[in-house]
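# Per-entry structural report
The residues making up each chain are set out below.
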Amino acid sequence: MSKLSIFTKGFLKENPTFVLLLGLCPTLATTTTALNGVGMGLATLFVLVLSNIVISAIAPVVPDKVHIPVYIVVIATFVTILQFLMQAYTPGMYKSLGLFIPLIVVNCIVLGRAEAFASKNGILDSALDGLGIGLGFTVSLMVLGLVRELLGSGSVFGWKLFSGDGILVFVMAPGAFLVLGYLMVLFNKLAKKE
Amino acid sequence: MEFLLIIISAIFVNNIMLAQFLGTCPFIGVSGRLSTATGMSGAVCFVITLSTLVTYLINKYLLVPFGLTFLQTIAFILVIAALVQMVEIVLKKISPSLYQALGIFLPLITTNCAVLGVALNVVTKEFTFGGGPAHMLGLGEAVVYAFATSLGYGLAMVLFAGLREHLDLNDVPKPFRGVPIALVTVGILAMAFMGFSGIV
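On a predicted model such as this, the values are computed, not experimentally measured, just so you know. (Residues numbered from 1 in each chain as written. Chains lettered and ligands numbered in written order. Predicted model: local features only at pLDDT ≥ 70, side-chain atom pairs only at ≥ 80, totals over all residues. Heavy atoms only, no water.)

### Considerations on the overall build of chain A
If you tally the helices and strands in chain A, you get eight helices and two strands. With the C-alpha coordinates aligned to their principal axes, the bounding extent of chain A is approximately 60 × 45 × 25 Å. Counting only residues that meet the buried cut, chain A has 53% of its 194 residues in that class. Pairs at least 24 residues apart make up 71% of the contacts formed inside chain A by residues separated by at least 6 positions. Total accessible area computed for chain A in this model is approximately 8,600 Å², and 73% of it derives from carbon and sulfur atoms. One way to put it: in chain A the 12 positive side-chain charges average out to a point 4 Å from where the 8 negative ones average out. (Helix = DSSP H or I, 4+ residues; strand = E, 2+ residues; numbered from the N terminus. Buried < 20%, exposed > 50% of the residue type's maximum accessible area, 1.4 Å probe, protein only. Contact = heavy atoms within 4.5 Å. Areas by Shrake-Rupley, 256 points an atom, 1.4 Å probe, with all protein chains shown as cover. Lys, Arg positive; Asp, Glu negative; His and termini not counted. Charge placed at Lys NZ, Arg CZ, Asp CG, Glu CD.)

Below you can see the structure in the form of structure tokens.
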């Protein structure tokens, strides 16, 4: 596989949200606004790239029987580093994402890429894979956040487009499921056409 | 009385799946059939309650006294992984048929964010029940909260599995088939559960 296709497959062919259906919890919970969606996506991207690099480097020497616990500890370490960084530099975002920052540890995208890609490929390829999948995840979250913010509070990235309250249900829990469901339908329809 | 409030609030008002979005992946994954959904709920219920008990004690007597609370995430996930391994061994011995049915999803409880989410929630967040003052949970309250939360997860999963078995019999438009129609159904289910808000 060429370097370019390793990088770009995360956007459409192996899009983590719409095709692989991984990491649905943060996808649904943090996309109340487009900005939160982007923040969550970038936080996941950070952990994904670094853990992919380290795991591809240590994979040859990790015994097969304990590889899952070892990978989880590597991922948890980067999540803890991320928590410190976000507390220091983006305290507002850290607060609004809340529980879902530590929960990146159990995001199936990260462990999934470690298991399916990083443990079998070189360091550079793994970094590119992490970058591509992470960006694909960020874009999906941003689209979901955009739709929910626009319908739910009538704004885009915090800019008020029309006055009034919007349809509140889209910011709340049921809206998340509905919007993701319908976006997936749209994705299926467009992807089939190609 | 307070325990009753905790239970009602955790099962209906703040349902972990339908209001807090924790544990969505296995929810979509195993809810295709009623029997696997029931088995999975039982396993999750056991793991959540037990792991919350253990992580609460570790946090209180090990991490907090030594100023190591930043290690919460790493310590908790290790405890949960070990517990899941144990449940797997026990289940293999007692009920091989259930073990077969749960298949891949049993080791995946480790990465079910509901488990880590509840464990982290009870040691970091302040709770209010029935207009009382906000406070950190005691050990008894934490375990009751964890148990009730997992019951709520089970309830949502079993309800949804029942709905999904009927969905299969219907003629669903092609792009909607599979996960999209499931998500739309969960959305409507979540809307129904919103009716409970305000009772506690």
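On we go from here.
### Brief notes about the packing of helix α6 (residues 108–118) of chain A against helix α7 (residues 123–153) of chain A
Residue and element names in this part refer to chain A. Interhelical geometry of α6 versus α7 gives an angle of 145° and a closest axis separation of 11 Å. As for how α6 packs across α7, the hand of that crossing is right-handed. Contact with α6, carried on its side by I109, R113, F117 and A118, involves D125, S126, D129, I133 and F137 of α7 and no other residues of that element. Residue composition of the contact of α6 with α7, by class: five nonpolar, one polar and three charged. (Axes fitted to C-alpha atoms, helices over the stretch in contact; angles between N-to-C directions. Left-handed = near helix turned anticlockwise from the far one by under 90°. Nonpolar A, V, L, I, M, F, W, Y, C, P; charged D, E, K, R; others polar.)

### Section: the nonpolar core
For soluble globular proteins, nonpolar side chains are generally found buried alongside one another. Membership of the largest hydrophobic core comes to 105 residues, with the highest contact counts inside it found for A:I104, B:F27 and B:L116. Among residues more than four places away in sequence, those in contact with A:I104 are A:M40, A:A43, A:T44, A:V47, A:V79, A:L82 and A:V110. (Core = buried A, V, L, I, M, F, W, Y, C linked by side-chain atoms within 4.5 Å.)

### Considering the pattern of salt bridges
A full pass over the atoms with the stated rule returns five salt bridges over all chains. For A:K3, the salt bridge identified is with A:D125, shortest N-O distance 2.9 Å. With a gap of 122 residues between them, A:K3 in helix α1 (residues 3–8) and A:D125 in helix α7 connect regions that are remote in the sequence. In this structure, B:R177 and B:D171 form a salt bridge, with 3.9 Å as the shortest nitrogen-oxygen distance. The exposure class assigned to B:D171 is exposed, which follows from its relative accessible area of 74%. Among the charged side chains, a network of salt bridges with common partners joins A:K9, A:E14, A:R113 and A:D129. (Salt bridge = Lys/Arg side-chain N within 4 Å of Asp/Glu carboxyl O.)

### Notes on the environment of A:V143
All names here are of chain A. Mapping V143 onto the fold places it in helix α7. The class of V143 is partly exposed, set by a relative accessible area of 32%. Distance in space between the C-alpha atoms of V143 and L99 is 22 Å, their sequence separation being 44 residues.

### So, the side chain of B:E141
Residue and element names in this part refer to chain B. By secondary structure assignment, the location of E141 is in helix α7 (residues 139–167). This buried residue, E141, is left without a salt bridge; K60 holds the nearest opposite charge, at 9.9 Å. Contact partners of E141, with chain neighbours within four places excluded, come to E2, F3, I6, H135 and M136.

### Side note on unusual backbone geometry
The phi dihedral of A:F157 is positive, around 50°, even though this residue is not glycine. Note on placement: A:F157 falls in the loop between β1 (155–156) and β2 (159–160). The backbone of B:F21 shows a phi angle near 60°, a positive value even though the residue is not glycine. Structurally, B:F21 can be placed in the loop between α1 (2–13) and α2 (24–30).

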